[in-house]
Amino acid sequence: GAVVSQHPSWVICKSGTSVKIECRSLDFQATTMFWYRQFPKQSLMLMATSNEGSKATYEQGVEKDKFLINHASLTLSTLTVTSAHPEDSSFYICSASRQGGLYGYTFGSGTRLTVV
Amino acid sequence: KQEVTQIPAALSVPEGENLVLNCSFTDSAIYNLQWFRQDPGKGLTSLLLIQSSQREQTSGRLNASLDKSSGRSTLYIAASQPGDSATYLCAVGDQGGSEKLVFGKGTKLTVNP
């Protein structure tokens, strides 16, 4: 089955530093990757959609300069949280799809970011 | 704008019970519908994917149905086990080609031994 690997699973960083999260599709080529944020006891909030080789499309209210997304290949997308602050602490999850979502969506295991 | 609602928000049942989780959506023009489970602090695990042209899908003790015209889907879990305890999320795929998923808020299931 389709597998998406997300790293790191958790990270603690100091306020003002940047953190990069990787999302890889291991056994399929992901034409589209998605980044979500999840607050405690809430559902997923879509942050942005990225297609390989093109700029990410951000959802309303998401700061593109703070959350940098790069989708350099069909198997790798990265989310960089720049100049992180405590309010950026959250659970970030990526997902990947192929052929326009025909085969559904596969999610990574998530990254718990804590900014101190 | 598509909205997805899941009822109930939480459910607690004794082990062995059969149960039904409900999902409703406001726009019937969907591409597909997917059920996921999420364990605390973990990512999402796909359970069942139903294409818009399908009526149901089955995997083991799980059966998901889809009634597009009424905007409803149900996830049936047979002979529930404590290991089934998790949050179950229903997500609808957009037919418009954006590939976006719209999620419900989930049903938190607790199966008591």
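Residues numbered from 1 in each chain as written. Chains lettered and ligands numbered in written order. Predicted model: local features only at pLDDT ≥ 70, side-chain atom pairs only at ≥ 80, totals over all residues. Heavy atoms only, no water.

A. Main features of the overall build of chain B. Counting secondary structure elements, chain B contains zero helices and 11 strands. Along its sequence from the N terminus, chain B presents helices and strands in the succession β-β-β-β-β-β-β-β-β-β-β. C-alpha extents for chain B along the principal axes are approximately 45 × 30 × 20 Å. Within chain B, buried positions represent 43% of all 113 residues. Taking the intrachain contacts of chain B between residues at least 6 apart in sequence as the baseline, contacts between residues at least 24 apart amount to 54%. For chain B, the computed accessible surface area is about 5400 Å², with 48% contributed by carbon and sulfur atoms. (Helix = DSSP H or I, 4+ residues; strand = E, 2+ residues; numbered from the N terminus. Buried < 20%, exposed > 50% of the residue type's maximum accessible area, 1.4 Å probe, protein only. Contact = heavy atoms within 4.5 Å. Areas by Shrake-Rupley, 256 points an atom, 1.4 Å probe, with all protein chains shown as cover.)

B. The overall build of chain A, seen in detail. If you tally the helices and strands in chain A, you get zero helices and 11 strands. Moving toward the C terminus, one meets the helices and strands of chain A in the order β-β-β-β-β-β-β-β-β-β-β. The C-alpha atoms of chain A give a radius of gyration of 13 Å, which matches the 13 Å a tight globule of 116 residues would have. Computed over 10 positive and 8 negative side-chain charges, the inter-centroid distance for chain A is 4 Å. (Rg over C-alpha atoms; globule rule 2.2 N^0.38 Å. Lys, Arg positive; Asp, Glu negative; His and termini not counted. Charge placed at Lys NZ, Arg CZ, Asp CG, Glu CD.)

C. How the structure looks around the environment of B:Thr26. All names here are of chain B. Relative to the assigned elements, Thr 26 resides in the loop between strand S3 (19-25) and strand S4 (30-38). Of the residues examined, Thr 26 reaches a relative accessible area of 55% and is grouped as exposed. Here Thr 26 is in contact with Lys 1, Gln 2 and Glu 3, once residues within four sequence places are set aside. Among the polar contacts listed, one links the side chain of Thr 26 to the backbone nitrogen of Glu 3, at a separation of 3.0 Å. (Polar contact = N/O pair within 3.5 Å; in protein donor to acceptor, adjacent residues only side chain to side chain.)

D. Spatial organisation of the interface of chain A and chain B. Contact with chain A, which involves 22 residues of that partner, is made by 19 residues of chain B. For the pair chain A and chain B, the interface holds one salt bridge. Note that B:Lys100 is salt-bridged to A:Glu59, the shortest N-O span being 2.8 Å. On inspection of chain A and its partner chain B, the count reaches five residue pairs in polar contact (both at pLDDT 80 or more). The biggest single contributor to the side of chain A that touches chain B is strand S4 (residues 32-38) of chain A, with four residues. Grouping the constituent residues of the side of chain A that touches chain B by class yields 10 nonpolar, 11 polar and one charged. (Salt bridge = Lys/Arg side-chain N within 4 Å of Asp/Glu carboxyl O. Nonpolar A, V, L, I, M, F, W, Y, C, P; charged D, E, K, R; others polar.)

E. Region of interest: the pattern of salt bridges. Residue and element names in this part refer to chain A. Under the defined criterion, the tally for this structure stands at five salt bridges over all chains. For Asp 88, the salt bridge goes to Lys 66, with nearest N and O atoms at 2.9 Å. Of this pair, Asp 88 sits in the loop between strand S8 (76-81) and strand S9 (90-97) while Lys 66 sits in the loop between strand S6 (57-58) and strand S7 (67-73); the two residues are 22 residues apart in sequence, bridging distant segments of the chain.

F. Geometry of the side chain of B:Gln6. By secondary structure assignment, the location of B:Gln6 is in strand S1 (residues 4-7). In this structure B:Gln6 touches B:Asn22, B:Cys23, B:Trp35, B:Tyr88, B:Leu89, B:Cys90, B:Gly104, B:Lys105, B:Gly106 and B:Thr107, once residues within four positions along its chain are discounted.

G. Structural view of the pairing of S1(B). Residue and element names in this part refer to chain B. Residues of S1 alternate between two faces, with Val 4 and Gln 6 buried on one and Thr 5 and Ile 7 left unburied on the opposite face. In terms of strand pairing, S1 meets S3 through four bridges, oriented antiparallel. Bridge pairing in S3 links Ile 7 to Asn 22. (Pairing = 2+ DSSP bridges.)

H. A nonpolar patch on the surface, seen in detail. A surface patch of nonpolar side chains, amounting to about 370 Å² of accessible area, comprises A:Trp10, A:Ile12 and A:Val116. Positionally, A:Ile12 belongs in strand S2 (residues 10-13). (Patch = residues over 30% accessible without salt bridge, like charges linked within 9 Å, V, L, I, M, F, W, Y side chains within 5 Å.)

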